Amino acid sequence: VNDDTTRKELKSIISTLNGNYYPILLVDGYSLQQCGANITEELAFCLATGNEYLISLMDAGLTIDQAVACIHFKMGVGAHYFQEIAKLKSFKELWSALVSEYHPKESSSYDCLMSAQIGSLNKSLADPYTNLLRQTTEVMSASIAGVYRIAVLPYDSTSENGTSQLSERMALNISLILKEESYFDQVINPINGSYSVEQLSATINEKAWDLFGEIDEKGGVFSEEALQIVRNNVVATAQKRVIR
């Protein structure tokens, strides 16, 4: 994103929008999470990438309000119920704090367009009913945290034998069941005022912001030095999980 060729391409893409700004740039935290990144690393990477996109879009001639409208975040959701709620809540707060440094004029610019995808790292091909429970709690975490969209893949999507009818049906229906039978769409902010989630979010905010600052000091997430920091952290975290 930092080289002249990419910026020319970005300007060309922006010119096709004709003043209607919508999410053309994806920040993919999900893929990093699936590689083994922990919560802090996923959030710091997304913040750093989003920040680079903002800078590049503004260099291409957009205002901060227009630039924010062009960015979409995709986050992974893991098995730790409250931690995942706190993670997604934290990212909203961190992104709002970051955007505020650019002094947007529109209040809507402080919000972030964020979707979530349910991962496959903790899914077992031998135990389908446990998988359904895991997927359900993960969708609950994402829904409670207020993401815009949730993608649920069949839990056996990585199987050499292909997906089953049950896994496909439940992947489609889990979020509908939570909406229609558990009324998840009836409360705007069910975690508001939760002490445990607030404390978790505060801890996550501090750690993720510190790592984001470290990446930024090295020249931004697209510099080789900063990318090496991300690689080293993710590999180290993934190795710890394998050992366990």
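From a predicted model like this one, the values you see are computed outputs, not experimental measurements.

**Notes on a negative patch on the surface**
At step 1: A cluster of like negative charges, contributed by Glu206, Asp210, Glu214, Asp216 and Glu217, occupies part of the molecular surface.
At step 2: Secondary-structure assignment places Glu214 in helix 8 (residues 195-217).
At step 3: For Glu214, a relative accessible area of 35% translates into the label partly exposed.

**Some words on helix 6 (residues 128-145)**
Because an α-helix packs 3.6 residues into every turn, residues spaced three or four apart end up facing the same way.
At step 1: Spanning 18 residues, helix 6 covers 26 Å between terminal C-alpha atoms, matching the ideal 26 Å at 1.5 Å per step.
At step 2: Buried residues of helix 6: Asn131, Leu132, Gln135, Glu138, Val139, Ser141, Ala142, Ile144 and Ala145, and no others.
At step 3: Buried residues belonging to helix 6 abut strand 2 (71-77), helix 5 (81-100), strand 3 (113-118), strand 4 (149-151) and helix 7 (165-180).
At step 4: Gly146 sits one or two positions beyond helix 6 and adopts a positive phi of about 85°.

**Side note on the pairing of strand 1 (residues 25-28)**
At step 1: Covered by surrounding structure in strand 1 are Leu25 and Val27 only, the residues Leu26 and Asp28 on the alternate face being uncovered.
At step 2: In this sheet, strand 2 lies alongside strand 1 in parallel orientation, the contact comprising four bridges. The partner of Leu25 across the bridge, within strand 2, is Ile71.

**Here's the deal with the environment of Ile118**
At step 1: For Ile118, the position within the fold is in strand 3.
At step 2: For the pair Ile118 and Leu153, spaced 35 residues apart in the sequence, the C-alpha separation amounts to 6.9 Å.
At step 3: When neighbours within four sequence positions are excluded, Ile118 is seen to be in contact with Tyr30, Val77, Lys123, Gln135, Glu138, Val139, Ile150, Ala151 and Val152.

**Some details on the layout of surface pockets**
At step 1: Approximately 190 Å³ is the volume found for the second largest pocket.
At step 2: Lining of the second largest pocket is provided by Ser143, Ile144, Gly146, Val147, Tyr148, Arg149, Ile150, Tyr183, Phe184, Val187, Ile188 and Pro190.
At step 3: Contributing elements (two or more residues each) for the lining of the second largest pocket: helix 6 and strand 4.

**Brief notes about the pattern of salt bridges**
At step 1: Tallied over the entire structure, the rule returns seven salt bridges.
At step 2: Lys87 is paired through a salt bridge with Glu84; the nearest N and O atoms lie 2.8 Å apart. Of this pair, Lys87 and Glu84 both sit in helix 5, separated by three residues, roughly a single helical turn. Comparing Lys87 with Glu84 shows no difference in burial state: the two are buried.
At step 3: Notably, a salt bridge pairs Glu224 with Arg231, separated by 3.0 Å at the nearest N-O pair.
At step 4: Taking the relative accessible area as the measure of exposure, Glu224 reaches 49% and is therefore partly exposed.
At step 5: Connected through salt bridges with shared partners, the residues Glu42, Glu84 and Lys87 form a single ionic network.

**Describing unusual backbone geometry**
At step 1: Although it is not a glycine, His103 sits at a positive phi angle of roughly 55°.
At step 2: Position of His103 among the secondary structure elements: in the loop between helix 5 and strand 3.
At step 3: Backbone geometry places Tyr183, a non-glycine residue, at a positive phi of 60°.
At step 4: As for its placement among the helices and strands, Tyr183 is situated in the loop between helix 7 and helix 8.
At step 5: Given the relative accessible area of 52%, Tyr183 is considered exposed.

**Observations concerning the packing of helix 5 against helix 8**
At step 1: Here helix 5 crosses helix 8 at 55°, and the two axes come no closer than 8 Å. Judged by the angle between their axes, helix 5 and helix 8 are oblique. Crossing angle aside, the handedness with which helix 5 passes helix 8 is right-handed. Two secondary-structure elements touch here, helix 5 through Phe82, Gln83, Ile85, Ala86, Lys87, Lys89, Ser90, Glu93, Leu94 and Leu98 and helix 8 through Val197, Glu198, Leu200, Ser201, Ile204, Asn205, Ala208, Trp209 and Phe212.
At step 2: For the contact of helix 5 with helix 8, a count of residues per class yields eleven nonpolar, four polar and four charged.

**A closer look at the side chain of His72**
At step 1: By the element assignment, His72 lies in strand 2.
At step 2: Taking the relative accessible area as the measure of exposure, His72 reaches 11% and is therefore buried.
At step 3: Ignoring anything within four residues of it in the chain, the contact list for His72 reads Pro23, Leu25, Leu26, Val27, Leu113, Met114, Ser115 and Arg149.

Thresholds applied
- Residues numbered from 1 in each chain as written.
- Predicted model: local features only at pLDDT ≥ 70, side-chain atom pairs only at ≥ 80, totals over all residues.
- Heavy atoms only, no water.
- Patch = residues over 30% accessible without salt bridge, like charges linked within 9 Å, V, L, I, M, F, W, Y side chains within 5 Å.
- Areas by Shrake-Rupley, 256 points an atom, 1.4 Å probe, with all protein chains shown as cover.
- Salt bridge = Lys/Arg side-chain N within 4 Å of Asp/Glu carboxyl O.
- Lys, Arg positive; Asp, Glu negative; His and termini not counted.
- Charge placed at Lys NZ, Arg CZ, Asp CG, Glu CD.
- Helix = DSSP H or I, 4+ residues; strand = E, 2+ residues; numbered from the N terminus.
- Buried < 20%, exposed > 50% of the residue type's maximum accessible area, 1.4 Å probe, protein only.
- Expected span 1.5 Å × (residues − 1).
- Contact = heavy atoms within 4.5 Å.
- Pairing = 2+ DSSP bridges.
- 1 Å grid on protein atoms, 1.4 Å probe; cavity = no way out; pocket = protein on both sides within 12 Å on 5 of 7 lines; lining within 4 Å.
- Points joined across faces, edges and corners; volume = space filled by probe spheres on them.
- Axes fitted to C-alpha atoms, helices over the stretch in contact; angles between N-to-C directions.
- Parallel < 35°, antiparallel > 145°, perpendicular 65-115°, else oblique.
- Left-handed = near helix turned anticlockwise from the far one by under 90°.
- Nonpolar A, V, L, I, M, F, W, Y, C, P; charged D, E, K, R; others polar.

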